[in-house]
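# Commentary on secondary and tertiary structure
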Amino acid sequence: QVQLVESGGGLVQAGGSLRLSCVVSVGTFSSLTMAWFRQAPGKEREFVAGISRSGGLTHYADSVKGRFTISRDNIDSTVHLQMNSLKPEDTAVYYCAADFAPLRATKTSPRDYNFWGQGTQVTVSS
């Protein structure tokens, strides 16, 4: 059983930064492709960023490129999302997701990921 627990959400002013973390309780963390999604009220869950098993390959949604950075620590079984230059439109519940299939550029649908955390709220005020 793969369990994911997110942390690091909160309230921040526009232009500020937050760092989200996701701890994964599984003995084979390095076998998992990891990703962050977000869901704003009344909207569908959308892909934010993904990272390959080794951490050598990353993908980002166009809306966050240059502002967000995904990283992972395969020793601590943790994935991070550093969010800079936050905008009010970044307000959403952010979810950590995992899957044993390898990362690919098209792996951006929630259906592509089998394991999910409970989510952490990020609110950006204007």
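The text that follows walks through the structure, step by step, so that each part is easy to find.

Now for the sheet that holds strand E1 (residues 3-7). Spatial ordering of the open sheet is given by E1-E3-E8-E7, a layout of four strands whose pairing is antiparallel. In the strand order of this sheet, the two ends are held by E1 and strand E7 (68-73), each with one partner. Each strand axis lies, on average, 15° off the axis of its neighbour in the sheet, ignoring direction. Where E1 lies against strand E3 (residues 18-25), five bridges are found, and the strand directions are antiparallel. Paired with Gln-3 across the two strands is Ser-25, which belongs to E3.

Inspection of every chain in the model, using the stated rule, returns five aromatic pairs. Relative to Phe-47, the ring of Phe-37 lies with its centre 5.7 Å away and its plane at 80°, an arrangement referred to as edge-to-face. Here the residue Phe-37 occupies a position in strand E4 (residues 33-39), and Phe-47 occupies one in strand E5 (residues 46-51), the gap between them amounting to 10 residues. Of the two residues examined, Phe-37 and Phe-47, each falls in the buried class. A centroid spacing of 5.9 Å and a plane angle of 85° characterise the contact between Phe-100 and Phe-115, whose relative ring orientation is edge-to-face. Here Phe-115 lies in strand E10 (residues 115-116) and Phe-100 lies in the loop between strand E9 (92-99) and E10, a separation of 15 residues in the sequence. The exposure class of Phe-100 is partly exposed, given its relative accessible area of 38%. Aromatic ring contacts, followed pair by pair, group Phe-37, Phe-47, Tyr-95, Tyr-113 and Trp-116 into a single cluster. Of note, Arg-45 hangs over the ring of Tyr-95, and the distance from its end group to the ring centre comes to 3.7 Å.

Here is what the cut-offs are and how they apply
All residue numbers here refer to positions counted from 1 along the written sequence of the relevant chain. The model is predicted, so local features are restricted to residues of pLDDT at least 70 and side-chain atom pairs to those at 80 or more, both for listing and for counting; the totals for chains, interfaces and linings are taken over all residues. In computing side-chain values, all of the structure's heavy atoms are included and hydrogens and water are not. Two strands make a pair as long as DSSP finds a minimum of two bridges between them. The secondary structure listing takes helices from DSSP runs of H or I that are at least 4 residues long and strands from runs of E that are at least 2 residues long, numbered from the N terminus. Helix axes use the C-alpha atoms of the stretch in contact, all axes being lines fitted to C-alpha atoms, and the angles between their N-to-C directions lie in the range 0 to 180 degrees. Stacked, edge-to-face and tilted labels apply to pairs of Phe, Tyr and Trp rings (six-membered ring for Trp) whose centres lie within 6.5 Å, assigned for plane angles under 30 degrees, over 60, and everything in between, in that order. Each residue gets one of three labels from its accessible area relative to the maximum for its type: buried under 20%, exposed over 50%, partly exposed in between, using a 1.4 Å probe on protein chains only. Any Lys NZ or Arg CZ found within 6 Å of a ring centre and within 35 degrees of that ring's normal is scored as a charge over the ring.

What is shown is where atoms sit, not what they do.
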